Structure formats: C-alpha cells, structure tokens
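# Structural characterization, general
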Amino acid sequence: MTSARAVSLVAKREFVTKVRTRSFLVGTAVIIAVLAGYVVLQSVLFDDQQRSVVGLSGQATQLADPLREKAKSFGIEVETRDVTTSGNPEQLVRDGSLDALVTGAPPALKMIVKGSGDEVLTTVLNDVLRQQVLVAQLAEAGITPQQVAQNLANVSVAVTALEPVDPQRGQRLAVGLIVAALLYYSLLVYGTMVAQGVVEEKSSRVVEILLATVRPWQLLLGKVIGLGAVGLLQLLVISTVGLGLSSAFNVVDVSELGGAALLTGVLWYLLGFFLYATVFAAAASLVSRQEELQSVLTPISMTIIVAFVAGINLMIGSPSGTTVMVLSLLPPFAPILMPGRMAMGVATSWQVVLAVVFALAAIAAITWLGGKVYANAVLRTGARVKLREALRV
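Analysis parameters
- Residues numbered from 1 in each chain as written.
- Predicted model: local features only at pLDDT ≥ 70, side-chain atom pairs only at ≥ 80, totals over all residues.
- Heavy atoms only, no water.
- UniProt positions renumbered as here; feature names shortened; annotations may be inferred.
- Helix = DSSP H or I, 4+ residues; strand = E, 2+ residues; numbered from the N terminus.
- Buried < 20%, exposed > 50% of the residue type's maximum accessible area, 1.4 Å probe, protein only.
- Areas by Shrake-Rupley, 256 points an atom, 1.4 Å probe, with all protein chains shown as cover.
- Expected span 1.5 Å × (residues − 1).
- Core = buried A, V, L, I, M, F, W, Y, C linked by side-chain atoms within 4.5 Å.
- Contact = heavy atoms within 4.5 Å.

As recorded by an unreviewed UniProt entry, the protein carries the name ABC transporter permease and is attributed to Lentzea rhizosphaerae. Note on the protein: under the UniProt heading Subcellular location (unreviewed entry), the record states "Membrane".

With that settled, the discussion passes to the overall build of the protein. The helix and strand tally for the protein stands at 15 helices and 4 strands. Within the protein, the proportion of its 393 residues that are buried is 40%. A total accessible area of about 21000 Å² is found for the protein, and carbon and sulfur atoms account for 61% of it.

As a further point, take helix α1 (residues 3-19). Given a rise of 1.5 Å per residue, 17 residues ought to cover 24 Å, and the 24 Å separating the end C-alpha atoms of α1 matches this to within 8%. Looking only at α1, the buried set comprises Ala 6, Val 7, Val 10, Ala 11, Glu 14 and Val 19.

What follows covers the UniProt feature "transmembrane region" (unreviewed entry) in the protein. As recorded in UniProt, the sites labelled "transmembrane region" (unreviewed entry) are residues 21-41, 173-199, 220-246, 266-287, 296-316 and 352-371. The annotated region residues 266-287 carries 86% helix and 0% strand content, and the separation between its end C-alpha atoms amounts to 32 Å. Along residues 352-371 one finds 100% helix and 0% strand; the C-alpha atoms at either end are 28 Å apart.

We now examine the nonpolar core. The biggest cluster of nonpolar side chains holds 70 residues, and the ones touching the most others in it are Trp 268, Phe 273, Leu 293, Leu 297, Ile 304 and Ile 336. Tallying contributions element by element places helix α7 (residues 169-203) first for this core, with 13 residues. Leave out the neighbours within four places in its chain, and Phe 273 touches Leu 187, Tyr 190, Gly 191, Val 194, Val 224, Leu 227, Gly 228 and Thr 278. By size, the runner-up hydrophobic cluster in this structure holds 17 residues, among which are Val 54, Ala 64, Val 124 and Leu 129.

With that settled, the discussion passes to the environment of Thr 85. By secondary structure assignment, the location of Thr 85 is in the loop between β2 (77-82) and α4 (89-94). Taking the C-alpha atoms as reference points, Thr 85 and Ser 57, 28 residues apart in sequence, are found 8.1 Å from one another.

Structure (structure tokens):
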C-alpha cells in the first residue's frame, strides 16, 4: 500500500467517525444558534440606536418636519407623534413608549426624557430650535432665509485628512474579532481532539494494530488531516450561515467583507491547525492515560489562549501598532492575530506574505520534530515518556 493510500484511509476513518458523532452535530447546531442570536441582537441594538420616537405637544408639533429632516443629516431616524390630546404624555416617556417628549414653543422649548437622554437627539433638537429662532429674527429684519442660504452656500472649511476614516471600520473590527474567535475555538477544540484520539488509541492498544499496517508518520498525518477536515467543515458551515444571517439583517456588508474574511479564515485555519495539531499529537503520545493528558497539553493550550486574549485586546486598542504587528508575524500567534488584522484591512501585503512564510517554515520544523516524538513514544505505555527521551531514541 502506497503512503498516499495509507494516509488517505486514516484520514477518511477519522473524518467519517467524527462527523457522524452526536457531539459534532449538536455542537455545530449550538454554535450556529448562538451566532444567530448574536446577529439578531446586534441588528436590534443597531436599529434602536439609530431610531428615536419623539412626542410633540402643543405648539411644538410644528417642529415635526424640521426635526425629522435634521435628524437624517445626523444619520438617525426620528419618528414624531402628536401627543397633544394624550392625558398624561409624561407617562409615555416613563413606560418607554417615547424616547423624549417636547413641549412649549420656540424659543422656550422643553424636552422631557426618562434618564440622561440621547445626546445626538438633544443636539438635533437644539439645531432645529436655533434654526426656528433665526428664521423668526430674519423675518423681523426683513431678510428671507433663502437670501442667507445663497450667501452662505459657498462658505466652507477646506478639510485635509491625514488618515482618512474608513466608513467600514466598525464592521471590519467586528469581522476581525469573529474570525479570531472562530479560529481560536477551532484550533483549541480540534487540536485537543487529535490529542485525545492519540491517547485513546494508545491506552486501548489499537495503535499497535494500526502500526502493523501503516507507518507512524502516516498514522499521524492521516489523523491530523482527517480531524482537520472535520474542523474545516464545521468552520465553513458556521461561517456560511453567519454571513447569510449578517446579510439578511444588514449587520455586515457581506459583498465587501464577507467573502474575503471567509477565504482568510480558511487559509489561516489550515496553517494554524497543521502547526498546532502536530504538537498536540506529539505531546499526547508521551502519556498513556486520559488523566495525564491535560498536564502535557496545558502549555500548548495556554499559548493559544494567550494569543487570543492578547490579540483581542490589541486589535481593539491598536490593530496597526508595532506590538500587534510583530506578534502577528510569529507562528504561535499568527493563526489568530493575522486573519483578524487582515479582515480589518491593517495588515500590509509584505506582512501577510512574511507571516505565511514563517508559518510554513514552522510547520515543516514542527512536523519533523513532532513526527519523531510521536514515532518514538506512541508505542511506549506505562509511565509518562520524557520529551528528552523521545527525542533521543
């Protein structure tokens, strides 16, 4: 049997066995449900932040049209309601039916809110009030607002932006954080799954039967490819559903960001999984019982956790800073940090290429080293095998 055939059979066995398990199906469904809830929540919160309901009473009702028009220039939507005939309009504010109640007549308007009020809405109302007062004073002076508008039409400040603001910065940050979170989950969960499979086969002596047919490196590579394919399948399913929901609820501009983020995530999942899964498998081959597994996996898991926690904080604070840039180039951190920076549009081409080169070099070195440890330790049962002994044999 050829090496390719042997690796293919092991990979197929791992893939089919894991995909059919209830834990995989239920886990995928739960993640999709959580993601759907998050998308819906973000959509609702976004709509609530962009929309206000204002009650107008008495002479303030004449401000309905100017208030709605002015609100549009601030990027929010204001719904106005005439509550003049309501028995107790203040109660509508208390129970949340109204975000604000405006009473009185210019220039002595009064706005009633439940708490501190919306600063943007207050600014909009102040602008409308000033405009009304200005129009009244111009009328007294015999000047029409149209004449003033013509005189001011060409008066403006020339603005030069040293660093133009990306209108999609918020969406890019959200996509970057989600990509980092999904890769963190996939690397940690499926890397641990590889390790558990190694210990299970070793403790049950199944590995001795398998190694009578295939070589150690073929068994290791097949296991990594098979379980990696399972993780990739789950990642693609979750990402596709997430992008569909985001597009349906207008949370993320999928046409601009979604496809690129998905391709980036797939690339770095493959690089990261081959990097970490081999280390997980090699570390697991040093022990013979599941109870001892955590002790050898903790350093590897902590590296992924630190990369994720530090990466999230750094990307929120300064995604283009020197610290996060350098860390995103290093193989242990690149699979989580670099795709997030790429989704945010702050990673330059040379940084991405350099990170990929470093990752491939690290995968080659780790595969050789991990394969040697695995081959020398996987058949040794009983007491925990020291790493130095596994490398020396």
